[in-house]
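Structural characterization, general
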Amino acid sequence: MSWLKKLQRQYQKLTPKIQRQKVQQRLVAKGFSFDSVGQALAETNFEMDEETELDLLSAQAEKLWRRYHTKPMRERQLKIRQALYRKGFNGDLISKWLERKAEEES
């Protein structure tokens, strides 16, 4: 459990889904069995409040917005949505951010 807490702090800037995956990978790499890692993860809360997750999403989304600035708006939004979803962000939060950004741009 102490390793788990340490790793959880290390990955606190990632989404809960990605945090869980990274912690699991590191613990298995350290030599812990899948069963013991699974048990420890089941007892651990990786949830974060929506505001914190939205802040993390905004930082990532701004980078992607700049990266795809040459694409047409529709394709740009699609690329950003795909990239953020791969990073483990919630689809509703992604939609909220894209709507807000589209309003700012127009």
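Residues numbered from 1 in each chain as written. Predicted model: local features only at pLDDT ≥ 70, side-chain atom pairs only at ≥ 80, totals over all residues. Heavy atoms only, no water.

Attention now moves to the packing of helix 1 (residues 2-10) against helix 2 (residues 16-29). Angle between the axes and distance between the axes: these two values describe a pair of packed helices. Their axes nearest at 10 Å, the elements helix 1 and helix 2 cross at an angle of 135 degrees. Relative to helix 2, the element helix 1 is oriented oblique. The two elements helix 1 and helix 2 meet at a crossing, and its hand is right-handed. Mapping the contact onto sequence places W3, L4, L7, Q8 and Q10 in helix 1 and Q19, V23, R26 and L27 in helix 2. Its residues assigned to classes, the contact of helix 1 with helix 2 comprises 5 nonpolar, 3 polar and 1 charged. (Axes fitted to C-alpha atoms, helices over the stretch in contact; angles between N-to-C directions. Helix = DSSP H or I, 4+ residues; strand = E, 2+ residues; numbered from the N terminus. Parallel < 35°, antiparallel > 145°, perpendicular 65-115°, else oblique. Left-handed = near helix turned anticlockwise from the far one by under 90°. Contact = heavy atoms within 4.5 Å. Nonpolar A, V, L, I, M, F, W, Y, C, P; charged D, E, K, R; others polar.)

Counting 15 residues, the largest nonpolar core has L57, I80 and L84 as the members making the most contacts within it. Taken together, the elements giving at least two residues each to this core come down to helix 4 (50-67), helix 5 (73-86) and helix 6 (91-105). No other element matches the 5 residues that helix 4 contributes to this core. Excluding anything up to four places from it in sequence, L84 contacts L57, Q60, A61, L64, F89 and I94. Listed in part, the 9 residues of the second largest apolar core include L4, L27, A40 and F46. (Core = buried A, V, L, I, M, F, W, Y, C linked by side-chain atoms within 4.5 Å. Buried < 20%, exposed > 50% of the residue type's maximum accessible area, 1.4 Å probe, protein only.)

We now examine the confidence of the model for the protein. Summing up the model confidence of the protein, the mean pLDDT is 89 and the portion of residues at 70 or higher is 100%. Mean pLDDT values over the elements of the protein span from 86, in helix 1, up to 94, in helix 5. (pLDDT = per-residue confidence, 0-100.)

Below, the discussion takes up the pattern of salt bridges. A complete count under the given rule lists 4 salt bridges for this structure. In this structure, E62 engages K101 in a salt bridge whose closest nitrogen and oxygen atoms are separated by 3.3 Å. You can see E62 sitting in helix 4 and its partner K101 sitting in helix 6, a full 39 residues away along the chain. A relative accessible area of 26% places E62 in the partly exposed class. Here K101 ties to E104 by a salt bridge, and the two come within 3.8 Å at their closest N and O atoms. (Salt bridge = Lys/Arg side-chain N within 4 Å of Asp/Glu carboxyl O.)

So, on to helix 5. Here helix 5 spans 20 Å end to end across 14 residues, near enough to the 20 Å set by a 1.5 Å rise per residue. Of the surrounding secondary structure, the elements contacted by the buried residues of helix 5 are helix 4 and helix 6. Looking one or two residues past helix 5, G88 carries a phi angle of roughly 100 degrees, positive in sign. (Expected span 1.5 Å × (residues − 1).)

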